[in-house]
Amino acid sequence: MTLRLYVTAFVGGLVVLALELAAARLLAPTFGTSELIWSAIIGLILLYLSVGYVIGGRWADRSPQPVTLYTILVGAGAAIAVIPFMARPVLNIAAQGMRTWNVGMVAGPFVGVLILFVVPVTLLACVSPFVIRLSLNDVRASGVTAGKIYAFSTLGSFLGTFLPNLALIPLLGTRRTFLFLALL
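Please read these numbers as outputs of a predicted model, since none were measured by experiment.

It is worth spelling out the overall build of the chain at this point. Summing up its helical and strand segments, the chain has seven helices and zero strands in all. Starting at the N terminus and ending at the C terminus, the chain contains elements arranged as α-α-α-α-α-α-α. A globule of 184 residues ought to have a C-alpha radius of gyration of about 16 Å, and the chain, at 17 Å, matches this closely. For the chain, long-range pairs separated by at least 24 residues make up 82% of all intrachain contacts whose partners lie at least 6 apart in sequence. Summed over all atoms, the accessible surface of the chain reaches about 9,400 Å², with 68% contributed by carbon and sulfur. For the chain, the distance from the average position of its 11 positive side-chain charges to the average position of its 4 negative side-chain charges is 12 Å.

Structural data, given as structure tokens:
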């Protein structure tokens, strides 16, 4: 059981970072790749992670069952799978709104990332607190357990930093990359 939970934390971390980098690729044709675009992406992803950690911790305490964790992951996967199909209309509306209301360069990408990524990233952020809760056998070892879980998650994030740009997007394209991440 513990190995499965470590793998879950690893894959959760990988997918979060891969989504962040794939988001930049998704927004680039509409908004470009300036530092403001990256700021909108990184800032909102961090916000979703913060919210998801809190929600995941509460959820794990209310329903400390593996089936609940894996149901959350299926929901995250489904939400990721719809991103490539929703992206063009959402980003076009955000770009049009940005021009119509003259709200500055960061508003369009902010809205696009807000709409497209809030659900999957928030759900993925629930993984680490949930895995910690399910892995705890002894409260006296909670620090060691949490440290190991976050280490595995961060190692996954490290791989997720390179995987989209070096392998997935060149081999599969942006749309199929999102579908691959949804399956993962």
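Let's pick the thread back up.
Okay, the side chain of S157 next. Tracing the backbone through its elements, the reader meets S157 in helix α6 (residues 142-172). With residues up to four places along the chain from it excluded, the contact list for S157 reads G13, L14 and L17.

Note that soluble globular proteins tend to have their nonpolar side chains buried in a common cluster. Counting 51 residues, the largest nonpolar core has L19, L26 and F117 as the members making the most contacts within it. Secondary-structure elements contributing two or more residues to this core are α1 (2-31), α2 (35-62), α3 (66-101), α4 (107-125), α5 (127-135), α6 and α7 (174-183). Here this core gets 15 residues from one element, more than from any other, and that element is α1. Setting aside residues no more than four positions away along its own chain, F117 makes contact with L19, A23, L26, I45, Y48, I83, T122 and F178.

A cluster of nonpolar side chains, V82, M86, V111, L114 and I115, forms an exposed patch at the surface whose accessible area comes to about 360 Å². Those elements giving two or more residues to the nonpolar patch turn out to be α3 and α4. If one sorts the elements of the nonpolar patch by residue count, α4 sits on top with three residues. Inspection of the secondary structure assignment puts L114 in helix α4. Overall, the relative accessible area of 36% leaves L114 in the partly exposed class.

Rules used in this analysis
Residues numbered from 1 in each chain as written. Predicted model: local features only at pLDDT ≥ 70, side-chain atom pairs only at ≥ 80, totals over all residues. Heavy atoms only, no water. Helix = DSSP H or I, 4+ residues; strand = E, 2+ residues; numbered from the N terminus. Rg over C-alpha atoms; globule rule 2.2 N^0.38 Å. Contact = heavy atoms within 4.5 Å. Areas by Shrake-Rupley, 256 points an atom, 1.4 Å probe, with all protein chains shown as cover. Lys, Arg positive; Asp, Glu negative; His and termini not counted. Charge placed at Lys NZ, Arg CZ, Asp CG, Glu CD. Core = buried A, V, L, I, M, F, W, Y, C linked by side-chain atoms within 4.5 Å. Buried < 20%, exposed > 50% of the residue type's maximum accessible area, 1.4 Å probe, protein only. Patch = residues over 30% accessible without salt bridge, like charges linked within 9 Å, V, L, I, M, F, W, Y side chains within 5 Å. Salt bridge = Lys/Arg side-chain N within 4 Å of Asp/Glu carboxyl O.

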